[in-house]
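# Fold and contact review
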Amino acid sequence: MPTVTMTVNGQQVSREVDPRTLLVDFLRNELHLTGTHVGCDTSQCGACVVHVDGTSQKACTMLAMQADGCEITTIEGLAKNGELHPMQAAFKEHHGLQCGFCTPGMVMSAVDLVQRNPDPNEHEVREWLEGNICRCTGYHNIVKAIQHAAKDMRG
Amino acid sequence: MPDTGAQRVLRKEDNRFLTGRGHYTDDFNRQGQAFGVFVRSEMAHARIKSIDTSQAEQAPGVVAVFTGKDMEADGVGSLPCGWTVTDKHGNPHKAPPHWPLARDRVRYVGDHVAFVVAETDAQARDAAELVEVDYEPLDAVVETGKALNGPQVHDEAPDNLCFDWEIGDKQATDDAFAKADRVSKIELVNNRLIPNAIEPRAAIGEYDPGTDEYTLYSTSQNPHLLRLILCAFVLNLPEHKVRVVAPDVGGGFGSKIYCYAEETVCVWASKKLNGRPIKWLATRTEAFQADAHGRDHITTAEMAMDKDGKFLGMRVDTLANLGAYLSNFATAVPTYLYGTLLAGQYKTPAIHGNVKAVFTNTAPVDAYRGAGRPEATYVVERLVERCARDMNMDPAEIRRRNFVQPDEFPYQTPVALTYDSGQYELALDEALKMIDYPNFAQRRQESERKGKLRGIGFSAYIEACGIAPSQVVGALGAGVGLWESAQVRFNATGSISVFTGSHSHGQGHETTFAQMVADKFGTDYNNVDIVHGDTGRIPMGMGTYGSRSLAVGGSAILRACDKVVEKGKKIAAHMLEASVDDIEFDSGTFRVAGTDKTKSIGEIAFAAYVPHDFPQDVEPGLDETAFYDPANFTYPSGVHIAEIEIDPDTGETEIADWVAVDDFGRVINPMIVEGQVHGGIAQGVGQALLENAVYDPDSGQLVTGSYQDYTMPRADDLPSFRVGMTETPCPHNPVGAKGCGEAGAIAAPAALMNAITDALGTEEIQMPATREKVWRLAQQRLAPAAE
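The model shown is predicted, which means the values in this text are computed figures rather than measured ones. (Residues numbered from 1 in each chain as written. Chains lettered and ligands numbered in written order. Predicted model: local features only at pLDDT ≥ 70, side-chain atom pairs only at ≥ 80, totals over all residues. Heavy atoms only, no water.)

## Comments concerning the side chain of B:Arg107
Residue and element names in this part refer to chain B. Inspection of the secondary structure puts Arg107 in the loop between β4 (105-106) and β5 (112-118). Here Arg107 sits buried without a salt bridge, and the closest side chain of opposite charge, Asp104, lies 5.4 Å off (N-O distance). Here the side chain of Arg107 touches Val153 through a polar contact of 2.7 Å, landing on its backbone oxygen. Contacts of Arg107, omitting those with residues within four sequence positions, involve Ala44, His45, Val153, His154, Ala324, Tyr325, Thr360, Asn361 and Thr362. (Helix = DSSP H or I, 4+ residues; strand = E, 2+ residues; numbered from the N terminus. Buried < 20%, exposed > 50% of the residue type's maximum accessible area, 1.4 Å probe, protein only. Lys, Arg positive; Asp, Glu negative; His and termini not counted. Salt bridge = Lys/Arg side-chain N within 4 Å of Asp/Glu carboxyl O. Polar contact = N/O pair within 3.5 Å; in protein donor to acceptor, adjacent residues only side chain to side chain. Contact = heavy atoms within 4.5 Å.)

Below, the structure is given as structure tokens:
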């Protein structure tokens, strides 16, 4: 079996993998980083969004081997020194989550949005979230959280 | 100490969810576990001539392949329907068996045929492809409207009729129609929905041959009920040997209430494999095929009115699709959860409802967010809007004229329920103010100038939450009691563990319940932990559905708190050398009345566990359990108003504004309650505009079998909502709460469809009001003007 090497949440990891292993399964089953979730099998729901070399990707649309040599950040790597990332903090402050299952993908996706567009309006936030499904919140508080986080991230 | 009793307190559970530290079922891995995959029927209806598992058994990594014959040989029972509905001739509903693995016939696409267990999930999936099933195809029926005349789904149910049930007074209703000045009529389809919790269902079955104990990890909304059904009806296991664990669950919306084939098979197969844990994870495709679906009614409804628009009588005829087999509560949904809500918020003196429930070759249908109440509200509120149009009356005015008034509670409806309290007009007035109703005509003109069609739609809903009391539901055929339990345990150091039988899968119990308990004891909210979702840790409970958590589960907790206070008074009396009758408790302090002699509850808790000098009649410990069986349902209500704008060129319906004024009784955490409303509205909007479970009428295939085909509401399909509240406390439970989880899903479809029909000037449209349907009708509407 081929070996893949990547940096995940700042730590270098190497594993032999079955070539058909998806990145999301690699993270969950090999590295036991279970925060990244699987919600569908058609790359539609976005519960598995992680950052690959700094931008959001659906970890179910990519083979682990394709991430060879890449820098991966998962939801477990977002908080630093025990402090929630401003996006995580804003989701909590504005009740942008209920069951929490879509939340990691939603947060990772939102961080990428704000990195690209530091001051998104409501329409832009809603458009950006096209690839993430939340069944609990009606998106109302997610949109609010992201706009507030953008403000916090601008400083 | 902050008063957290009714405040926007941030959620305790959020930190673990936000950092990826939640414990959902798929996050558990058991030592030595194997993976199970189901071979599912590709046919809507067929006889199984034979199943050849030999190739699959030889595939790499395969541990075992099981079929229905193996379960039959072990005497495994049928998955039961837990609610017996008696038809209008006094006969029980038709209850054909539902085997966890099909025995000789499959009845819907996705039906369970065989179970392949292998070392890895991928190996099990590969091997499942090698199971060869020789089917003899049979004619199928999937359309609700064709069920009664369609091919026979079960030999036990002629004409595919499960039951023909009625409620209300037919003669009185006929009399009301005979004297009416005006009759309005409407025909409605309540489209079939797939719940789509974002976490797919999953299970791990684990048998311990050493202790003869079973553990089931499951995505369940009610672990105890799952255990009860497994033990008593399906696997015939001793209940004390079975533990069901369902800690973090990624949404349920009803679909995770039931005992399904999958978890049953995992538990059974683990024992067959001498205790090897077996994990099953649903793909989303499996979720579409085999999670219980919701709704699926066809209804004709009529209202008889006098010349002033006063409702005299209402007649409703409904055909309800139950799918291929009866899910646990399938029969209750279109009857006791639907027919009993047909009065709505109105004083219609005579109502008659008739419901025929049918079998079809489709996935089982059961409760989905709201369960029967959304269907009822949709009928009542679409009909009332039609009445207003027929009478040329303002839709707000016709409602106002027929509302039950605040001084008329408790109000006995003609369809069995007794409403507890409400202020329906107050919510309407508030909603009208919020939407700026007087200026709607002006906004409509502005839209017209832009070439757009603007509409406004009302929905004044009522729901019945916290299904109860046990005595009543038992008399109506329920196989369970509908109480809730709680244990409130002070630990020696003063922290509090609360064990609740209700189950949180997004509702924020860890926060709301902790607020309530901290408020009750005057203690620090951070010292209260809520424990749920594990039959090994909590007393017997009934889980979460039907917005029962705070009204029923919260009431049980308060009862247990009261018992703790009573016990604390005995200990305080001893410590303060006073009579128990003289001890008062307030804000965390026990006091001898009229003195400055006090003990804090923390001191009492410590003394309770270090009872060195307790007299004989005072037991050590500060740990009390209570069961609460409500006296009645609770009746949340409210008014939602949707204002929409249709682009006739594209058929797009834009929600221009949405106001919701809800009355949930006492609210503990407004932030959480508003979140529930938002989510509910989104699901209602999804039903009205986008979602539809479609089976091909010829082949019986599920056409909408993935997120590529079934349209889920996404962020850009929805607006931000404006939410207001009125508060009429529930008079019969100690919390005063009524329930909030389902309101949005109940209210929204009617509000939105009334707005669309208002804009289009026609009611010839059924949910989902897709762009294509709306575009066609908008073109028709504009056609005469263009000529």
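The rest of the description comes next.
## As for empty space enclosed by the protein
Residues and elements named next belong to chain B. As enumerated under the stated definition, the model contains 11 cavities of 30 Å³ or more in all. Taken together, 49 residues form the lining of the largest cavity, with Thr544, Tyr545, Gly546, Ser547 and Arg548 sitting closest to its centre. For the lining of the largest cavity, the elements supplying multiple residues, two or more each, are α14 (509-521), α15 (549-575) and α17 (670-690). Looking at the lining of the largest cavity residue by residue, the class counts come to 24 nonpolar, 19 polar and six charged. (1 Å grid on protein atoms, 1.4 Å probe; cavity = no way out; pocket = protein on both sides within 12 Å on 5 of 7 lines; lining within 4 Å. Points joined across faces, edges and corners; volume = space filled by probe spheres on them. Nonpolar A, V, L, I, M, F, W, Y, C, P; charged D, E, K, R; others polar.)

## Concerning the pairing of strand β20 (residues 496-500) of chain B
Residues and elements named next belong to chain B. The buried fraction of β20 amounts to five of the five residues, a majority that puts the element mostly inside the structure. What you see with β20 is no split at all: Ile496, Val498 and Thr500 on one side and Ser497 and Phe499 on the other are buried throughout. As judged from the five bridges shared by strand β19 (residues 484-490) and β20, these two strands associate in the antiparallel manner. Bridge assignment links Gln487 to a residue of β20, and that residue is Phe499. Hairpin connection of β19 to β20: five residues between the antiparallel strands, including Gly494 at a positive phi of 100°. Two elements, β20 and strand β21 (residues 528-531), share four bridges in a ladder whose sense is parallel. The residue bridging Val498 from the neighbouring strand is Ile530, located in β21. Note on the crossover from β20 through α14 to β21: the handedness is right-handed. (Pairing = 2+ DSSP bridges. Right-handed = clockwise from strand over helix to strand, strands pointing away.)

## Some words on the packing of helix α2 (residues 86-93) of chain A against helix α5 (residues 140-154) of chain A
Geometrically, a packed helix pair is captured by the angle between its two axes and the distance between the axes. All names here are of chain A. Close contact between α2 and α5 brings their axes to 8 Å; oriented N to C, the two are set at 140°. By the criterion of interaxial angle, the relationship of α2 to α5 is oblique. Our pair here, α2 against α5, has a crossing hand that is right-handed. Seen from α2, the contacting residues are Pro86, Met87, Ala90 and Phe91; seen from α5, they are Ile142, Ala145, Ile146, Ala149, Asp152 and Met153. When its residues are assigned to classes, the contact of α2 with α5 shows nine nonpolar, no polar and one charged. (Axes fitted to C-alpha atoms, helices over the stretch in contact; angles between N-to-C directions. Parallel < 35°, antiparallel > 145°, perpendicular 65-115°, else oblique. Left-handed = near helix turned anticlockwise from the far one by under 90°.)

## Things to note about the nonpolar core
Ranked by size, the top nonpolar core spans 216 residues in total, and within it A:Phe91, A:Ile146, B:Phe115, B:Trp658 and B:Leu752 carry the most contacts. Ranked by residues supplied to this core, first place goes to helix α18 (residues 743-760) of chain B with 12 residues. In this view, A:Phe91 contacts A:Gly96, A:Leu97, A:Thr103, A:Met106, A:Val107, A:Ile142, A:Ala145, A:Ile146 and B:Leu18; residues no more than four positions away in its chain are not counted. Ranked by size, the runner-up nonpolar core spans 46 residues in total, among them B:Phe490, B:Ala573, B:Ala607 and B:Leu622. (Core = buried A, V, L, I, M, F, W, Y, C linked by side-chain atoms within 4.5 Å.)

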